[in-house]
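# Structural overview
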Amino acid sequence: MIDTADSAASTPLRVVIAEDSYLVREALALLLAGAPEVEIVAVCEDADALVAAVESEVPDVVLTDIRMPPSLEDEGIVVANRLRETHPGMGVVVVSQYATPQYALALLEHGSDGRAYLLKERLSDRAQLVAALTAVAEGGSVVDSKVVESLIAARARTEDSPVADLTPREREILSEIAQGKTNQAIAEQLFLTKRAVEKHINAIFVKLGLTNAEDFSRRVKAALIYLAQESDEDAAVT
């Protein structure tokens, strides 16, 4: 008798890759070809090909660049947001060379569940990339630590920012939270007890006025949006 649970757990994630750079596209395909957790079902070079591959292959996850033909602007994010309506259970990992907070917010503005934003400099780390693919396939979210740091720094520069009231340890934990890490993972990373992490998290969201957020992904999105408010205003006046 076949254990269907074990069978499902051993089934690799079906992934479509979309990247306009030939070298990056081939590097990603080669990197993931060595990961038994992943099966590459299509490789695309523009947004139109990506949309067609999604319809024909119905992957578990899309791994896409932000800027692709035809306009070389934000095609990856546009497709990711469209998939929320057409394929709500499909995960998307967006990769970019830009740590600009606005791109991450554009990806997460309709919800952070099943979405990840990574910088291309991380893509040489197969384990980290596979972890992000797995997280979004399971409905989780991941945001690159450099993007989170830029959001926190921008918000903290504001004189009346609640982030300025956070302790250094709380800022450190906030960064870990927004990367999608669990309390246990944060505890292990920072050499704290899980109970200590929980206390810090409660204090953080009280100070940021986010105590009403319940599920983990919505807390990540709420934190990012809140932290980016001032950076958006600063950009508008400069």
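Just so we're clear, the structure is a prediction, and the values are computed from it rather than from any experiment.

## Quick look at the overall build of the chain
Regarding its fold elements, the chain presents 11 helices and six strands. When each of the 238 residues of the chain is scored for burial, the buried share is 46%. Sequence-distant contacts in the chain: of pairs separated by 6 or more residues, those separated by 24 or more amount to 67%.

## Points about the nonpolar core
Among the nonpolar cores identified, the biggest contains 29 residues, and Val16, Leu50, Val62, Leu83 and Tyr117 are the most heavily contacted of them. If you list the elements that add at least two residues to this core, you get strand E1 (13-18), strand E2 (38-44), helix H3 (47-57), helix H4 (75-86), strand E4 (91-96), helix H5 (101-108), strand E5 (115-119) and helix H7 (145-156). Apart from the residues lying within four places of it in its own chain, the contact partners of Leu50 are Val16, Ala18, Cys44, Val62, Thr64, Met68 and Val79. Formed by 23 residues, the second largest nonpolar core is a distinct cluster that contains Val95, Ala116, Val130 and Ala132.

## Considering the sheet that holds E5
Across the sheet, which stays open at both edges, the six strands sit in the order E2-E1-E3-E4-E5-E6 with parallel pairing between neighbours. Strands with a single pairing partner mark the edges of an open sheet, and in this sheet they are E2 and strand E6 (141-143). Strand after strand, the sheet turns through a mean of 20° between neighbouring axes, direction not considered. The strands touched by helix H2 (residues 22-33) are E1, E2 and strand E3 (61-65); relative to E2, the strand with the most contacts, the crossing angle is about 165°.

## Some thoughts on the pairing of E3
Across the five residues that make up E3, a large majority, five, are buried. Here four bridges tie E1 to E3, and the two strands are oriented parallel to one another. If you follow Ala18 over to E3, its bridge partner there is Thr64. Where E3 lies against E4, five bridges are found, and the strand directions are parallel. Counted as the bridge partner of Val62 is Val92 from E4. Handedness of the crossover joining E3 and E4 through H4: right-handed.

## A short note on the environment of Thr100
Here Thr100 is to be found in the loop between E4 and H5. Here Thr100 falls in the partly exposed class, since its relative accessible area comes to 34%. Taking the C-alpha atoms as reference points, Thr100 and Val148, 48 residues apart in sequence, are found 9.8 Å from one another.

## A short note on helix H10 (residues 194-207)
The end-to-end C-alpha separation of H10 is 20 Å, in line with the 20 Å expected for 14 residues at 1.5 Å each. Taken together, the buried positions of H10 are Val197, Ile201, Ile204 and Phe205. Taken down its axis, H10 places every buried residue within 85° of arc, on the same side. Turned more than 90 degrees from where H10 packs its buried face, Arg195, Lys199, Asn202 and Val206 sit exposed. At the C-terminal side of H10, Gly209 shows a positive phi close to 70°.

## A look at the confidence of the model for the chain
For the chain, per-residue confidence averages 81 on the pLDDT scale, and residues scoring 70 or more make up 78% of the total. Low pLDDT, under 50, characterises residues 1-8; the stretch is placed with one contact to residues that sit more than four places away or in other chains. In the model, residues 229-238 has pLDDT below 50 throughout and makes nine contacts with residues more than four positions away in sequence or in other chains.

## Considerations on H3
Taken residue by residue, H3 has Ala47, Leu50, Ala53 and Val54 as its buried positions. Seen from one end, H3 has its buried residues packed into an arc of 120°, which puts them on one side. Seen from the open side of H3, the exposed residues pointing more than 90 degrees away from its buried face are Asp48 and Ser56. Where H3 begins, one side-chain oxygen reaches toward the backbone nitrogen of Asp48, 3.2 Å away; that side chain belongs to Asp46. Taken from the residues just after H3, Val58 is the one with a positive phi, measuring 45°.

## Some points on the pattern of salt bridges
Pairs may arise between side chains of opposite charge once their charged atoms sit close together. Applying the stated criterion to the full structure yields five salt bridges. Residue Arg14 is joined to Glu57 by a salt bridge in which the shortest nitrogen-to-oxygen separation is 3.3 Å. Remark: Glu57 occurs in helix H3 and Arg14 occurs in strand E1; sequence separation between them is 43 residues. By relative accessible area, Arg14 is classed as partly exposed at 25%. In this structure, the salt-bridge partner of Glu45 is Arg25, at a minimum N-O distance of 3.6 Å. One end of the pair, Glu45, is in the loop between E2 and H3; the other, Arg25, is in helix H2, with 20 residues separating them in the sequence. Residue class for Arg25 comes out buried when judged on its relative accessible area of 9%. Connected through salt bridges with shared partners, the residues Glu19, Asp65 and Lys120 form a single ionic network.

About the criteria used
Residues numbered from 1 in each chain as written. Predicted model: local features only at pLDDT ≥ 70, side-chain atom pairs only at ≥ 80, totals over all residues. Heavy atoms only, no water. Helix = DSSP H or I, 4+ residues; strand = E, 2+ residues; numbered from the N terminus. Buried < 20%, exposed > 50% of the residue type's maximum accessible area, 1.4 Å probe, protein only. Contact = heavy atoms within 4.5 Å. Core = buried A, V, L, I, M, F, W, Y, C linked by side-chain atoms within 4.5 Å. Pairing = 2+ DSSP bridges. Axes fitted to C-alpha atoms, helices over the stretch in contact; angles between N-to-C directions. Right-handed = clockwise from strand over helix to strand, strands pointing away. Expected span 1.5 Å × (residues − 1). Arc of directions from axis to C-beta. pLDDT = per-residue confidence, 0-100. Polar contact = N/O pair within 3.5 Å; in protein donor to acceptor, adjacent residues only side chain to side chain. Salt bridge = Lys/Arg side-chain N within 4 Å of Asp/Glu carboxyl O.

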